[in-house]
Amino acid sequence: MMLALEMYRSPAKFLAAKAVGGRIPGILTGPAAPLRLVTINEPKAERAGWARIRPILSGICGSDLGMVTGSTKLYFSAVVSMPFVPGHEIVGELLDDCEDLPKGTRVVMDSVLTCAARGVEPCENCVSGNTNRCDRITVGHVAPGLQTGFCQDTGGGWGNLLVAHRSQLYAVPDGMSDERAVLVEPLAGAVHAALRANVQPGQSVLVSGAGAVGLFATLALRELTQAGRITVVAKHPKQRELARAFGASDVVAPDEVFRGVRRSTGAFRLKPEFGASEFLLGGVDVAVDAVGSKDSIDTVLRVTKAGGRVVLSGMPATGADLSPVWFRELEVTGTYASAREEPNGRPAFETALELAGRAPLDGIVGARYPLYRWREALDHAHSAGRLGTVKVAFDVRAS
């Protein structure tokens, strides 16, 4: 038996969160949260290539908050199996030998449950190395689940134990702290986003959002591409400070985006009639949305030059106006998780481990909570930007 936070199906709580969550934010991690601290059976590693892992630290990411607060789209309900233990950003210790990795190895985990983990014939995407696009995430000997942390059979990082397949695991270098290692999974997502953005030498880039997704995307863009000016949209003082440390050329507040991009690119600023949103003729070559809100998506679409590229790295909200995509012939691309073979020919996790070793990440994990203080942890994560925190994590060893 083990202690874990468990996500369970509750239509009533989902509807309550949808109805009043925006007006009463505290209800989202209080009575409306379909999450409970329970003692449950440990998941089993009964097949070859699988092993048990004891999490050390497990991060709280935006998709986790979306799931708890009911803002995640019902689109994803077909690729999860409930009840499940959340948590896919982990650093943990192997409790079993796992092929070439000996028991006791500290590991980080690529959470996507691909064909290799499910024991099925590889799909076309897995064969090509685009493992984040696996078409078999609901079949095989593992319950449906797009990732560990959304699958009934595997457990997740918000519990005392989970199981993972060798194809998911990467050994942590001996000199790397747990606080840096727990950031490798979101860093891998940023590596994927930066490379998928296909920024050409000298091109201008806008990153909308300076939470963990936006800051790590800024870092990866500066480290892995030859981008010219990188402008980051940041709301809070600590975010602005970190954006510059991670490679931003300029940092602007949300209400300064149009003015800042117009000034730096020489674009023309237009204001339609009857309250419609303004837009630019000209603008940045590439824009990365790292928030997913309607306002953020609307903004990046309106400040990207004709024929430019817009990269959606935050889980998108409903209601964005796609007129600029049609009128300005924008290329819109999504980025989800990370791939086994990126455009640079390497797994994103290998590159992310290198970044985690040298980037200025001290203090990025700004708060750690035991599992029994989960409501405080989620409240903190929900207000992380305002509180000057980038990443909140569960210290599972303290639970």
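Each chain has its residues counted from 1, following the order in which its sequence is written. Selection of residues for local features in this predicted model requires a pLDDT of at least 70, selection of side-chain atom pairs for listing and counting requires 80 or more, and totals for whole chains, interfaces and linings are taken over all residues. Side-chain metrics in this entry use all non-hydrogen atoms of the structure; hydrogen atoms and water are not considered.

Student: Explain the nonpolar core residue by residue, including any values.
Tutor: As used here, the term nonpolar core means buried Ala, Val, Leu, Ile, Met, Phe, Trp, Tyr and Cys residues forming a set that is joined through side-chain atoms within 4.5 Å. Each residue is placed in one exposure class: buried if its accessible area under a 1.4 Å probe, protein chains only, is under 20% of its type's maximum, exposed if it is over 50%, and partly exposed if it falls in between. In terms of nonpolar packing, the biggest core is built from 52 residues, with Val108, Val205, Phe216 and Leu361 touching the most fellow members. Broken down by secondary-structure element, the contributors of at least two residues to this core are strand S3 (50–59), helix H6 (184–196), strand S8 (205–208), helix H7 (212–224), strand S9 (230–233), helix H8 (237–245), strand S13 (284–289) and helix H12 (348–358). Strands are runs of DSSP state E lasting at least two residues, helices are runs of H or I lasting at least four, and both sets are numbered from the N terminus onward. The element that contributes the greatest number of residues to this core is H6, accounting for 7 residues. We call two residues contacting when some pair of their heavy atoms lies within 4.5 Å. When near neighbours in sequence (up to four residues on either side) are disregarded, Phe216 contacts Leu183, Pro186, Leu187, Ala190, Phe246, Leu361 and Ile364. Counting 43 residues, the second-largest nonpolar core is a separate cluster that includes Ala4, Leu65, Val142 and Phe150.

Student: Account for the UniProt feature "domain: Alcohol dehydrogenase-like C-terminal" (unreviewed entry) in the protein, with residues named and values stated.
Tutor: UniProt positions are given in the numbering used here, feature names are shortened, and annotations may be inferred rather than shown by experiment. Those places that UniProt annotates as "domain: Alcohol dehydrogenase-like C-terminal" (unreviewed entry) correspond, in this numbering, to residues 212–341. Across residues 212–341 one finds 35% helix and 25% strand; the C-alpha atoms that close the span lie 23 Å apart.

Student: Quick rundown of the UniProt feature "domain: Alcohol dehydrogenase-like N-terminal" (unreviewed entry) in the protein? Include the residues and the values.
Tutor: The UniProt feature table records "domain: Alcohol dehydrogenase-like N-terminal" (unreviewed entry) at residues 48–174. The straight-line gap between the two end C-alpha atoms of residues 48–174 is 26 Å; of that span, 13% is helix and 20% is strand.

Student: So what's going on with the pattern of salt bridges? Which residues, and what values?
Tutor: By convention in these notes, a salt bridge is any Lys or Arg side-chain nitrogen within 4 Å of a carboxyl oxygen on Asp or Glu. Applying the stated rule across the entire model yields 22 salt bridges. Close ionic contact of Glu223 with Arg358 constitutes a salt bridge, the shortest N to O distance being 3.1 Å. Placement of Glu223 in helix H7 and of Arg358 in helix H12 is noted, with a sequence separation of 135 residues between them. We classify Glu223 as partly exposed; its relative accessible area is 39%. The shortest N-O distance in the salt bridge between Asp395 and Arg368 comes to 3.3 Å. Pair noted here: Asp395 is in strand S17 (residues 391–395) and Arg368 is in strand S16 (residues 365–369), with a separation of 27 residues, a long-range link. A relative accessible area of 36% places Arg368 in the partly exposed class. One network of salt bridges, with partners in common, ties together Arg106, Asp178, Glu179, Arg368, Asp395 and Arg397.

Student: Give me the lowdown on the environment of Phe216, citing residues and values where you can.
Tutor: Residue placement: Phe216 occurs in helix H7. When its relative accessible area of 1% is taken as the criterion, Phe216 is described as buried. Put simply, Phe216 and Asp321 are 105 residues apart on the chain and 27 Å apart in space, counted from C-alpha to C-alpha.

Student: Now, about the packing of aromatic side chains: what can you tell me, with residues and values included?
Tutor: Remark: the centre distance and the inter-plane angle together describe each pair of aromatic rings, the angle taken between the planes. Aromatic rings from Phe, Tyr and Trp, with only the six-membered ring used for Trp, were paired whenever their centres fell within 6.5 Å, and each pair was classed as stacked if the ring planes differed by under 30 degrees, edge-to-face if by over 60, and tilted otherwise. Using the criterion set out here, one finds 4 aromatic pairs in the structure. A centroid spacing of 5.7 Å and a plane angle of 50 degrees characterise the contact between Phe84 and Phe150, whose relative ring orientation is tilted. Placement of Phe84 in the loop between helix H2 (62–69) and strand S4 (90–94) and of Phe150 in the loop between helix H4 (124–128) and strand S6 (162–165) is noted, with a sequence separation of 66 residues between them. Each ring, one from Tyr170 and one from Phe349, has its centre 5.0 Å from the other, and the planes form 15 degrees; the classification is stacked. Of this pair, Tyr170 sits in strand S7 (residues 169–171) while Phe349 sits in helix H12, and the two are 179 residues apart along the sequence. Phe349 carries the same exposure label as Tyr170, and that label is buried. Here, over-ring charges are defined by two tests on the NZ atom of lysine or the CZ atom of arginine: distance to the ring centre within 6 Å, and angle to the ring normal within 35 degrees. Its end group placed over the ring of Tyr8, Arg36 keeps NZ or CZ at 4.1 Å from the ring centre.

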